[in-house]
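In case you want the letters, here they are:
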Amino acid sequence: MKKIILLVLNLFFGITTVSAQSIDEYFERIRHDEAALISFMSKMPKGGDLHHHYSGSVYTESLIQKAIKDDYFLNVQTMVAKRADKEFENLPNPQILHKEDKGKTIKDYSFPNTKTIAAKRVYDESKGWKKLSVLREEGKLNEYKLKMLKQWSIQYFNPVVPSDKHFFDSFGKFREVVNDYTAEGLLEFKERAIKENVSYIETQFKEVQVNLDLSDFKNENGKLLSLASKKDTSAIFKIFDKIHNSIIKQNALEKVAEFNSKFIKKPHDSLKIDSDDFTMRYQNYVLRFMPPVDVFKNLILASISDETSDLIVGVNIVAPEHGEISMRDYWLHMLMFNYCQKKYAKANYALHAGELTLGLVKPEELTSHINDAVYLANADRIGHATGMPYEFNSSELLQYMAENKIPVEVNLTSNAFILNVEKDEHPILLFKDYGVPVVISTDDAGILRTNLTDQFVTLAKNYPSFHYADIKECVYNSLEFSFINADKKKCLLKDLDKRFIEFEKSVLEK
């Protein structure tokens, strides 16, 4: 009887091994057949997209159609689109005609600092502003649709300006359109993900915006910069404590709860974003280029928001890492994250760090950003990390990240376009060799004209040492290292198991 059982077990495990080898062999056969590879990756379960910016992930064609439908103004010189009318939200130019000023001459109106009033924007055609409906009447709409596509994405990119500048400048051109497209954008992500066999998205969605008065701390900006130059952590933390106490005393908890309810939970629930085959969660973000007090305030609010919402699962920091203020204040920003981790232990932090390369910044400025994000800010995940080879003691850093399971969100198309880092220059093989968990993500799929399938195709084409088992591990990493709560993560992983069984069966039955 024991011999029969042993024979059955051997047969079972033998069949399992043959199947695993068969799909791996099939994958290796099609690795250099791009059409077959795209077909394979399109059907393959891809788990989650963890490095995903909402505003950069809506496809440009959708934004153009939104702007045409709502008849936005377009600056035909700069390709910036603006709404025709809007409630005052402390925005800068163009000129403003207030309701109570109707009939008066319009001269350099500016927004008041103290009150919110209804306002109508007035666009000066001599400065290039035209309604899209006017461009249609003039027979020029198709011409400008193409120009918008070129300026709002990397489609037909012609390197008149550096690729990094083209990429980051594009956000400002369509910002108002994408902000008005939130509901449609979230549903667009869901529909595309389901078709692409992606079960989870963790999108960097909003800044937490609540009214607080920190005018008493205006002079602290200079003090913080001075103390940061001396690395005086103790004195900086004393200032942080004062600002934090002021934020809490101004009912920040209640205000953030209202923000969470109005701007996250309400649209998420009303749009029925979560379903049996798809789940979405959100990260708050702060902007690197703000004055230090503002960055710290926004980071505190984002951390509170994360801790007090099931839908908001993480905090990030965004904007070009190589920007002047970003570079100057980088260490101070990492210290802010360190402070927040002590105050808000339940919050999760994913940091853009090391999105740099030689030539973009000075050589000596390439050595510490990932170190500081890992050791000082205690980041749970690192986004990009293309500057890893230049980091001080990079071997020790990689070993530490491997031992402590700190994954890197790898964005291959983004790194290739913005930084010109690709193929053998990309450190993805360093991450693999040291055992640092790798997660494959899209970054800004709309601007970059990509999707998660395309990222896995690029991975397979450019890195032959990533075999099918390695790619499958990357997929599982995208859920294992997501910030979603444990119970939901368990469900997503169980569903992923089922998807892979069905997928591999379909491949082997060919």
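Note that the structure is predicted; figures quoted are calculated from it, not measured.

Draft legend 1. Here's a closer look at the overall build of the chain. Looking only at helices and strands, the chain features 21 helices and 14 strands. The burial tally for the chain puts 54% of its 510 residues in the buried class. In the chain, 79% of the contacts between residues at least 6 apart in sequence involve partners at least 24 apart. Total accessible area on the chain stands at roughly 24,200 Å², and carbon and sulfur atoms take up 52% of it.

Draft legend 2. Representation of the packing of helix α12 (residues 292–307) against helix α13 (residues 324–343) within the structure. The geometry of α12 relative to α13 is characterised by a closest axis approach of 10 Å and an angle of 30° between their N-to-C directions. Here α12 is positioned roughly parallel relative to α13, judged by the angle of their axes. α13 is crossed by α12, and the crossing has right-handed handedness. Across the interface between the two elements, P292, V295, F296, L299, I300 and S303 of α12 pack against D329, L332, H333, M336, F337, Y339 and C340 of α13. A breakdown of the residues in the contact of α12 with α13 according to their chemical character gives ten nonpolar, two polar and one charged.

Draft legend 3. The sheet that holds strand β7 (residues 129–131), seen in detail. Pairing in this open sheet of three strands is antiparallel, and the strands run β3-β2-β7 from one edge to the other. In the strand order of this sheet, the two ends are held by β3 (81–82) and β7, each with one partner. The pairing of strand β2 (residues 73–75) with β7 spans three bridges and is antiparallel. From the neighbouring strand, L74 faces β7, where its bridge partner is K130.

Draft legend 4. Structural detail: the pattern of salt bridges. Scanning all chains against the criterion turns up 26 salt bridges. We note a salt bridge from E364 to K362, for which the minimum N-O separation is 3.9 Å. R381 is the salt-bridge partner of E409, the closest N and O atoms lying 2.6 Å from each other. Here the residue E409 occupies a position in strand β13 (residues 408–410), and R381 occupies one in strand β12 (residues 381–384), the gap between them amounting to 28 residues. The class for R381 is buried, based on a relative accessible area of 1%. Through salt bridges with shared partners, a single ionic network connects K66, K69, D70 and E184.

Draft legend 5. How the structure looks around the packing of aromatic side chains. Counted by the stated rule, this structure contains 23 aromatic pairs. For the ring pair F167 and F171, a centre distance of 5.4 Å and an interplane angle of 80° mean the geometry is edge-to-face. Here F171 and F167 lie together in helix α7 (residues 163–180), a separation of four residues that amounts to about one turn. The exposure class assigned to F171 is buried, which follows from its relative accessible area of 15%. A centroid spacing of 5.1 Å and a plane angle of 45° characterise the contact between F205 and Y282, whose relative ring orientation is tilted.

Draft legend 6. Structural context of the environment of K223. Checked against the element boundaries, K223 lands in helix α9 (residues 220–229). When the C-alpha positions of K223 and I239 are compared, they lie 9.0 Å apart, and in sequence the two are 16 residues distant.

Draft legend 7. Structural view of the confidence of the model for the chain. With 88% of its residues at a pLDDT of 70 or more, the chain has an overall mean of 90. Counted against residues more than four places away or in other chains, residues 1–20, with its pLDDT under 50, gives one contact.

Draft legend 8. Main features of the sheet that holds strand β11 (residues 350–353). Read from one edge of the open sheet, four strands run β11-β12-β13-β14, paired in parallel fashion. Since the sheet does not close on itself, it has two edges, and those belong to β11 and β14 (438–440), each with one partner. The average undirected angle you get between the axes of adjacent strands in this sheet is 30°. Where β13 meets β14, three bridges bridge the pair, whose relative direction is parallel. Within the sheet, the bridge partner assigned to V408 lies in β14 and is V438. Where helix α14 (residues 369–376) meets the sheet, it contacts β11 and β12, and its direction lies at approximately 160° from that of β11.

Draft legend 9. Local environment of the side chain of E220. Checked against the element boundaries, E220 lands in helix α9. Setting aside anything within four residues of it in sequence, one finds E220 in contact with I239 and V293.

Draft legend 10. Here's a closer look at empty space enclosed by the protein. What the rule picks out here adds up to two cavities of 30 Å³ or more. What lines the largest cavity is a set of 14 residues, among which D49, H52, R192, E196 and I201 lie closest to the centre. At the level of secondary structure, the elements contributing two or more residues to the lining of the largest cavity comprise β1 (48–53) and α8 (182–195). If you tally residues by element for the lining of the largest cavity, the top one is α8, at three residues. Partitioned by chemical class, the residues of the lining of the largest cavity number seven nonpolar, four polar and three charged.

Draft legend 11. Spotlight on α8. Spanning 14 residues, α8 covers 20 Å between terminal C-alpha atoms, matching the ideal 20 Å at 1.5 Å per step. Along α8, the residues that are buried comprise T182, G185, L186, E188, F189, K190 and A193. Where the residues of α8 are buried, they touch β1, α3 (54–57), α4 (60–69), α7, β8 (200–206) and β9 (279–287). Two residues or fewer after α8 comes N197, characterised by a positive phi angle close to 65°.

Draft legend 12. Summary view of the pairing of β9. When you tally the buried positions in β9, you get eight out of nine residues, the bulk of the element. Here β8 runs beside β9; their pairing, made up of six bridges, is parallel. When the bridges of β9 are listed, Y200 appears paired with T279. Of the strand pairs in this sheet, β9 and strand β10 (residues 312–318) are connected by six bridges, and their pairing is parallel. Within β10, the residue paired with N284 across the bridge is V315. Handedness of the crossover is the feature at issue here: the chain leaves β9, passes through α12, returns alongside β10, and the resulting connection is right-handed.

Conventions we followed
- Residue positions within a chain follow its written sequence, with the count starting from 1.
- At least 70 in pLDDT is required for a residue's local features to be given in this predicted model, at least 80 for side-chain atom pairs to be given and counted, and no such filter applies to totals for whole chains, interfaces and linings, which use all residues.
- Side-chain measures here rest on the full set of heavy atoms in the structure, leaving out hydrogens and waters.
- In DSSP terms, a helix is any run of H or I states spanning at least four residues, a strand is any run of E spanning at least two, and both are numbered starting from the N terminus.
- Exposed residues in this analysis have more than 50% of their type's maximum accessible area, buried residues have under 20%, and partly exposed residues fall in between, with area computed by a 1.4 Å probe over protein chains only.
- In what follows, residue pairs with any heavy atoms lying within 4.5 Å of each other are defined as contacts.
- Computed by Shrake-Rupley with a 1.4 Å probe, the accessible areas treat only the displayed protein chains as cover when residues are assessed.
- Here an angle of 0 to 180 degrees is reported between the N-to-C directions of two axes, which are lines fitted to C-alpha atoms, with helices fitted over the stretch in contact.
- Throughout, the term roughly parallel applies to angles under 35 degrees, roughly antiparallel to angles over 145, roughly perpendicular to angles from 65 to 115, and oblique to all others.
- For any helix crossing, the convention is left-handed if the near helix is rotated counterclockwise from the far helix by under a right angle, and right-handed if that rotation is clockwise.
- Asp, Glu, Lys and Arg are counted as charged, while Ala, Val, Leu, Ile, Met, Phe, Trp, Tyr, Cys and Pro are counted as nonpolar; the rest, among them Gly, fall into the polar class.
- Whether two strands pair comes down to DSSP finding at least two bridges between them.
- Throughout this description, the term salt bridge denotes a Lys or Arg side-chain nitrogen within 4 Å of a carboxyl oxygen of Asp or Glu.
- Working definition: rings of Phe, Tyr and Trp (its six-membered ring) pair if their centres are within 6.5 Å, and the pair is stacked with planes under 30 degrees apart, edge-to-face with planes over 60 apart, and tilted otherwise.
- Per-residue confidence from the predictor is given as pLDDT, running between 0 and 100.
- Any residue with an atom within 4 Å of a point lines the site, the site being either a cavity, points on a 1 Å grid over the protein atoms alone where a 1.4 Å probe fits but cannot get out, or a pocket, an open set with protein on both sides within 12 Å along at least 5 of 7 lines.
- Grid points are joined across faces, edges and corners, and a volume is the space filled by probe spheres set on the points.
- Each residue after the first adds 1.5 Å to the expected span of a helix.
- The crossover handedness rule: strands pointing away from the viewer, path from first strand over the helix to second strand clockwise, crossover right-handed.

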